[in-house]
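So you can see what is in the structure, the chains are spelled out below.
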Amino acid sequence: MRVRVFYHDKCFDGACSASLFTRFHRECIAPEASYDNHGLVHRAGALFDEAQFTGDENAIVDFKYSASPRITWWFDHHQSAFLTPQDHENFLACQRDPKCAARKFFDPTYTSCTSFLAHIASTRYGFDTAPVAELIHWADIVDGAQYESPEAAVEMAAPAMKLTLIIEATQDPAFIPRLIPLLTEMPLAEILNQPFVAPLLPPLLERHGQAIELIRSRAQERDGTIFFDITDHPLEGFNKFIPYYLYPNATYSIGLSKSSFRTKVAVGSNPWTKADPVKMVNLAQVCERYGGGGHARVGAISFPPDKEADARAAAREIVAELRKTGIEGTREHGNEKAGT
């Protein structure tokens with residue numbers, strides 16, 4: 001059996017999910033299967049090329065739903081998992097079919113797709129997650145931004161953080177597929193020492209330091225919301241916690257950046273904010289208005305590379321909306337303190 005695994009590319013949780021799915025599938029479903037991995041990216045326009053769904057089985061993990069009948073497995077935890085209402089209806093119809101429902105799973109309450117997949121594999125299929133406990137633990141920390149401090153997120157001490165840096169920055173299409181099998185075979189620190197991994201880290205750490213200084217020079221914080229535009233410095237990725245490292249009292253951050261295949265509006269919230277979580281803006285819903293999506297606390301919108309003006313207009317609107325929320329929250333807090 002030939003299994004093709006499609007995963008969220010340049011994403012630690014995406015790579016971990018692909019590796020965990022492969023180990024689970026090999027141990028519990030098809031011990032003699034062969035696997036190949038293919039990254040998927042959020043971009044303007046079509047996200048899937050159905051001509052690539054050529055496996056005997058085709059799995060998508062940590063990425064949006066495809067209604068293609070060629071997709072035999074699907075796991076996702078993003079609030080914005082469905083591109084269209086029709087896709088959602090297709091999934092709901094699948095859930096009414098026991099055979100289909102046993103292979104396609106969605107739950108946005110899970111911190112990472114890796115932990116969600118581990119839960120399904122262990123409770124439905126008897127998969128032993130103990131040997132991959134480190135991977136599941138760090139997928140939750142990385143994808144859920146559950147770091148103890150901005151310093152822990154930005155200063156890159158843990159092996160998982162260093163791997164995340166490499167995964168998000170790589171331009172080698174063969175690198176992550178080569179890395180994926182190792183994620184469930186050896187400790188993360190040992191992976192960093194592999195000959196095809198170790199040389200990549202020093203220049204990336206240097207570039208990470210440059211990104212900190214670039215964002216420091218561009219970021220502006222007002223009314224609890226940070227905004228920065230680095231579209232004139234093309235980056236394929238940067239640490240999304242840098243804004244809160246620089247402005248620890250901010251609540252939201254909007255970053256405008258450009259890469260080879262998109263202009264991106266990154267919309268996030270400070271994992272360490274003291275703001276009332278009940279009153280936080282649902283950022284997935286904000287991004288969905290512009291064709292993007294994500295989670296309640298972090299999302300993004302992808303525009304074609306030549307639509308930078310549209311991306312900038314969307315970013316301005318979102319910044320204004322969140323800063324207005326910050327002003328209102330400050331006023332409300334002041335009224336509460338005054339007893340009014």
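Analysis parameters
Per chain, residues are indexed from 1 in the order of the written sequence. In keeping with the predicted nature of the model, local features appear solely for residues at pLDDT of at least 70, side-chain atom pairs appear and are counted solely at 80 or more, and the whole-chain, interface and lining totals rest on all residues. Side-chain numbers here rest on the full set of heavy atoms in the structure, without hydrogens or water. In this text, helices come from DSSP runs of H or I with a minimum length of four residues, and strands from runs of E with a minimum of two, each type numbered from the N-terminal end. Only the C-alpha atoms count toward the radius of gyration. The rule for a globule is 2.2 Å times the residue count to the power 0.38. The classification of residues rests on relative accessible area computed with a 1.4 Å probe and restricted to protein chains. Under 20% of the type maximum is buried, over 50% is exposed, and intermediate values are partly exposed. By definition, residues are in contact when any of their heavy atoms lie within 4.5 Å. Positive charges come from Lys and Arg, negative ones from Asp and Glu, while His and the chain ends are left out of the count. One atom stands in for each charge, and that atom is NZ of Lys, CZ of Arg, CG of Asp or CD of Glu. The salt bridge criterion pairs a side-chain nitrogen of Lys or Arg with a carboxyl oxygen of Asp or Glu, the two atoms within 4 Å. Pairs of strands are assigned from DSSP output, requiring at least two bridges between the strands. Cysteine sulfur atoms that pair up within 2.5 Å are treated as a disulfide. One number per residue, pLDDT, summarises how confident the predictor is, and it ranges from 0 to 100. A helix is expected to span 1.5 Å multiplied by its residue count minus one. Angles shown run from 0 to 180 degrees and are taken between the N-to-C directions of axes, each axis being a line fitted to C-alpha atoms and, for helices, limited to the stretch in contact. Polar contact is the term for a pair of N or O atoms within 3.5 Å; when the atoms are in protein, one must be able to donate a hydrogen and the other to accept it, and sequence-neighboring residues count only if both atoms are side-chain atoms.

Asker: Even after reading the chapter, I still don't get the overall build of the protein, so can you show me in this structure?
Answerer: When helices and strands are tallied, the protein shows 13 helices and 11 strands. For 340 residues, the compact-globule estimate of 2.2 N^0.38 gives 20 Å, and the protein sits close to it at 20 Å. Here the C-alpha coordinates of the protein stretch approximately 65 × 50 × 45 Å along the principal axes. Taken across its 340 residues, the protein has 51% of its residues classed as buried. For the protein, the share of sequence-separated contacts (at least 6 apart) that also reach a separation of at least 24 residues comes to 64%. Each charge sign in the protein was given a centre, from 34 positive and 43 negative side chains, and these centres are 4 Å apart.

Asker: Looking at this structure, I do not really get the environment of Tyr147. What am I missing?
Answerer: Here Tyr147 lies in the loop between α5 (133–143) and α6 (150–154). Residues Tyr147 and Ile242, 95 residues apart in the sequence, show an inter-C-alpha distance of 13 Å. Here Tyr147 is in contact with Ile141, Val142, Ala152, Ala153, Met161, Phe241 and Trp272, once residues within four sequence places are set aside.

Asker: Please clarify how the pattern of salt bridges should be interpreted in this entry.
Answerer: Between side chains of opposite charge, a pair can form when the charged atoms approach closely. As enumerated under the stated definition, the model contains 10 salt bridges in all. The shortest N-O distance in the salt bridge between Asp229 and Arg312 comes to 2.8 Å. Of the two residues, Asp229 is situated in strand β7 (residues 225–229) and Arg312 in helix α13 (residues 308–338); the sequence distance between them amounts to 83 residues. Taken together, the shared-partner salt bridges connect Asp229, Lys258, Glu308 and Arg312 into one network.

Asker: How should I be thinking about the sheet that holds strand β6 (residues 220–222) in this particular structure?
Answerer: The pairing of strands in a sheet comes from backbone hydrogen bonds and takes either a parallel or an antiparallel form. The mixed open sheet is built from six strands, whose spatial order is β6-β7-β8-β9-β11-β10. The two strands at the open ends of the sheet, each matched to only one other strand, are β6 and β10 (293–294). In this sheet, strand β8 (residues 252–258) lies alongside β7 in parallel orientation, the contact comprising five bridges. Within β8, the position partnered with Asp229 by the bridge is Leu256.

Asker: In this structure, what is going on with the state of the cysteines? I would like to understand it.
Answerer: Every disulfide links exactly two cysteines, by a covalent bond between their sulfur atoms. In this structure the tally under the stated criterion is one disulfide. At a sulfur-sulfur separation of 1.9 Å, the disulfide partner of Cys94 is Cys100. Around the S-S axis, the bridge from Cys94 to Cys100 shows a dihedral of about -105° and counts as left-handed. A single burial state applies to Cys94 and to Cys100, both of which are buried. You can see Cys16 has no disulfide; the closest cysteine sulfur is in Cys11, sitting 8.3 Å from it. Residue Cys16 is classed as buried on the basis of its relative accessible area of 0%. In this structure Cys113 is a free cysteine whose sulfur lies 9.1 Å from that of Cys11, the closest cysteine sulfur available.

Asker: I'm lost on the confidence of the model for the protein in this one. Help?
Answerer: Close reading of the predicted structure is inappropriate where its pLDDT is low. Of the residues in the protein, 95% have a pLDDT of 70 or more, and the chain-wide mean is 92. Ignoring residues within four places in sequence, the model shows residues 329–340, a span with pLDDT below 50, making three contacts including any to other chains.

Asker: Help me understand helix α10 (residues 201–218), please; the structure alone is not making it clear to me.
Answerer: Think of an α-helix as turning once every 3.6 residues; residues three or four places apart then point the same way. Taking 1.5 Å per residue, 18 residues should reach 26 Å; α10 reaches 25 Å between its end C-alpha atoms and fits that length. Of all the residues in α10, the buried ones are Leu201, Leu204, His208, Ala211, Ile212, Leu214 and Ile215.

Asker: Please explain the pairing of strand β2 (residues 34–40) as it appears in this structure.
Answerer: Within a regular strand, the side chains alternate between the two sheet faces. Where strand β1 (residues 2–8) lies against β2, seven bridges are found, and the strand directions are parallel. Residue pairing in the sheet places Arg4 in a bridge with Asp36 of β2.

Asker: Just to check I follow, could you spell out the sheet that holds strand β3 (residues 57–61) for this structure?
Answerer: Read across the open sheet, the five strands follow the order β2-β1-β3-β4-β5; overall the sheet is parallel. Of all the strands in the sheet, just β2 and β5 (104–106) have a single pairing partner and so form its edges. Strand after strand, the sheet turns through a mean of 15° between neighbouring axes, direction not considered. Summarising the sheet, β3 and strand β4 (residues 73–76) pair through three bridges and their orientation is parallel. Following the sheet pairing, Ala59 is matched in β4 by Trp73. Each of β3, β4 and β5 is contacted by helix α4 (residues 113–125), which is oriented at about 130° to β4, the strand it contacts most.

Asker: Please clarify how the side chain of Lys104 should be interpreted in this entry.
Answerer: Position of Lys104 relative to the elements: it lies in strand β5. Despite its burial, Lys104 remains without a salt bridge, the nearest opposite charge being carried by Asp97 at 9.2 Å. Of note is the side chain of Lys104, whose polar atom sits 3.1 Å from the backbone oxygen of Ile71. For Lys104, the contacting residues outside a window of four places in its chain are Tyr65, Ser68, Ile71, Thr72, Trp73, Trp74, Phe91, Cys94 and Gln95.

Asker: What exactly am I supposed to notice about the side chain of His8 here?
Answerer: Counting through the fold element by element, His8 comes out in strand β1. Overall, the relative accessible area of 16% leaves His8 in the buried class. What His8 contacts, discounting residues up to four positions off in sequence, is Gly14, Ala15, Leu40, His42, Val61, Asp62 and Phe63.

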